[in-house]
Amino acid sequence: MRYLVAGGAGFIGSNFIRCLLDSDVEILNFDKLTYAGNLLNLADIEKNKNYTFVKGDICDRKTLKKVFNKFKPDVVVNFAAESHVDRSILDADEFIKTNIAGTHNLLKLSLEYGIDKFVQVSTDEVYGSLGKKGFFTEDTPLNPRNPYSASKASADVLVKSYSVTHGLPVVIGRCGNNYGPYQFPEKLIPLTILHCMKEGKIPVYGDGLNIRDWIHVLDHCRALDAIIQKGKTGEVYNIGAKQEMKNIDVVKSIISEVAKKVPEKKISERQICFVEDRKGHDRRYATDPSKIIKTLKWKPKISFKEGLCETVDWYLENPSWVKSVFNKSYMRYYKANYSKRKVIA
Ligand SMILES: NC(=O)c1ccc[n+]([C@@H]2O[C@H](COP(=O)([O-])OP(=O)(O)OC[C@H]3O[C@@H](n4cnc5c(N)ncnc54)[C@H](O)[C@@H]3O)[C@@H](O)[C@H]2O)c1
């Protein structure tokens, strides 16, 4: 089988490629290498004979067409996206281009070249925000509330339309918040680990009581594999591990874990700094994964406690990777996003 993986140099895509290379498949990773794409994520497998990297933009249909023509993929898996809500609030232009128009290019070429399966890697954020009770099911109406989730919901609707209108064999996986190795430090878990290590302030939005449903990236990758092998054409599968946590509890767990592992540093909850909330901040996400568990026999294997401990170890053991991402461009974004926020407590 020949897999075209779009956006495979990012956090989830690189973990997925590493998992997939254990089986007998050929993979072409097509990635623009934005600030979030990093070839160091795949340094250990770059010489694997079944793996090829091509630098390119999914918005550039000409280049993409050449890749389809030459590589002739059986399966297309689309991870390529602008993926950070805060950046979409600062400026949504790239989100609209990549997440919507870029996905459309992949769909159009997948149809032209008659692929066997198109997998759209989507998010539970397309469903919007929950109150204290209830879960997102695959039938929950789409109600995205920020430009990132709106662009992902738009892509999902386009993907579905290619199945209904043209019979393209598509499947959509909608997953909760991922954590694990190789995640860019703008997201809550690596941000907190790295700010702990720097003994600096750890910013937490609002009252810290927003709830996210966490899943280890490798459990997500296994779910995507199950969807590719056994998923029914045209279907959506929610992916989650039923591990809801308040942001502030995630931050406190990380502080305690890092403090245990690096006792020589002054790491404590005193580093927490509550800052002005994210605009339109969704309050709670919680995914009901019953469908994928029942129909595809997938289930998550990694508990949050175990996964977090391993994730902290990974960031502590990979200082050169950390150095490569904690660069000037990251600091510019960090300043743009956090410097004007009022400190609440
Ligand atoms: N991180 C999460 O918690 C999460 C949860 C559910 C779904 N998702 C979805 O999973 C996918 C991957 O997320 P991630 O966290 O790995 O994101 P990421 O930001 O780490 O990686 C995105 C990758 O896409 C590439 N890319 C961006 N624009 C591109 C373009 N125009 N052409 C080609 N490549 C491009 C980047 O270079 C990067 O390698 C995204 O579609 C995201 O919406 C993420």
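None of these values were measured; they are calculated from a predicted model.

What counts and how
Residues numbered from 1 in each chain as written. Predicted model: local features only at pLDDT ≥ 70, side-chain atom pairs only at ≥ 80, totals over all residues. Helix = DSSP H or I, 4+ residues; strand = E, 2+ residues; numbered from the N terminus. Rg over C-alpha atoms; globule rule 2.2 N^0.38 Å. Buried ≥ 20, exposed ≤ 12 C-beta atoms within 10 Å, placed from the backbone. Contact = placed C-beta atoms within 7 Å. Expected span 1.5 Å × (residues − 1). Domains from an automatic or database assignment. Nonpolar A, V, L, I, M, F, W, Y, C, P; charged D, E, K, R; others polar. Pairing = 2+ DSSP bridges. Axes fitted to C-alpha atoms, helices over the stretch in contact; angles between N-to-C directions. Parallel < 35°, antiparallel > 145°, perpendicular 65-115°, else oblique. Left-handed = near helix turned anticlockwise from the far one by under 90°. Near = placed C-beta within 6 Å.

**Digging into the overall build of the protein**
Looking only at helices and strands, the protein has twelve helices and twelve strands in total. At 19 Å, the protein has a C-alpha radius of gyration in line with the 20 Å of a compact globule built from 345 residues. Across its three principal directions, the C-alpha atoms of the protein cover 55 × 45 × 40 Å. Here the protein holds 345 residues, and 45% of them are scored as buried. Considering only residue pairs separated by 6 or more positions, the protein has 82% of its internal contacts joining residues 24 or more positions apart.

**What to know about helix α4 (residues 93-113)**
An ideal rise of 1.5 Å per residue puts 30 Å on 21 residues; α4 measures up with 29 Å between its terminal C-alpha atoms. The set of residues buried in α4 consists of F95, T98, N99, G102, T103, N105, L106, L107, L109 and S110. Directly after α4, the chain includes G114, whose backbone phi takes a positive value near 60 degrees.

**With respect to the domain arrangement of the protein**
Segmenting the protein into domains produces domain 1 (2-179 + 214-239) and domain 2 (188-211 + 244-279 + 304-334). A separation of 27 Å is found between the C-alpha centroids of domain 1 and domain 2. Contributions of two or more residues to the side of domain 1 that touches domain 2 are made by α3 (85-90) and β9 (211-216). Looking at the side of domain 1 that touches domain 2, the element that brings in the most residues is α3, giving three residues. When grouped by side-chain class, the residues that make up the side of domain 1 that touches domain 2 number six nonpolar, two polar and one charged.

**Points about the sheet that holds β9**
Read from one edge to the other, the open sheet built from three strands follows the order β7-β9-β11, with strand pairing classed as mixed. If you trace the sheet from one side to the other, it starts and ends with β7 (177-179) and β11 (244-246), each paired once. Taking the axes of each pair of neighbouring strands and ignoring which way they run, one obtains an average angle of 50 degrees across the sheet. Direction of pairing for β7 relative to β9: parallel, over a ladder of three bridges. Among the inter-strand pairings, N177 is bridged to a residue of β9, identified as W214. The sheet strands contacting helix α8 (residues 247-261) are β9 and β11, and the helix crosses β11 at an angle near 85 degrees.

**Regarding the packing of α4 against helix α5 (residues 147-166)**
Here α4 crosses α5 at 15 degrees, and the two axes come no closer than 8 Å. The orientation of α4 with respect to α5, classified from their angle, is roughly parallel. Relative to α5, α4 is oriented so that their crossing is right-handed. In contact with F95, I96, N99, I100, T103, H104, L107 and L111 of α4, α5 contributes P147, Y148, S151, K152, S154, A155, L158, V159, Y162 and H166.

**Observations concerning the site of the ligand**
If you check the shell around the ligand, you find 30 residues, and the closest are G7, G10, A36, G37 and A81. With three residues, the top contributor of residues to the shell around the ligand is helix α1 (residues 11-20). Across the shell around the ligand, the residue classes break down as 14 nonpolar, eleven polar and five charged.

**Topic: unusual backbone geometry**
Non-glycine residue L33 carries a positive phi angle of around 55 degrees. Inspection of the secondary structure puts L33 in the loop between β2 (26-31) and β3 (51-55). Although it is not a glycine, E199 sits at a positive phi angle of roughly 55 degrees. Positionally, E199 belongs in the loop between α6 (188-197) and β8 (202-205). Judged by local crowding, E199 falls into the exposed class, with 12 C-beta atoms found within 10 Å.

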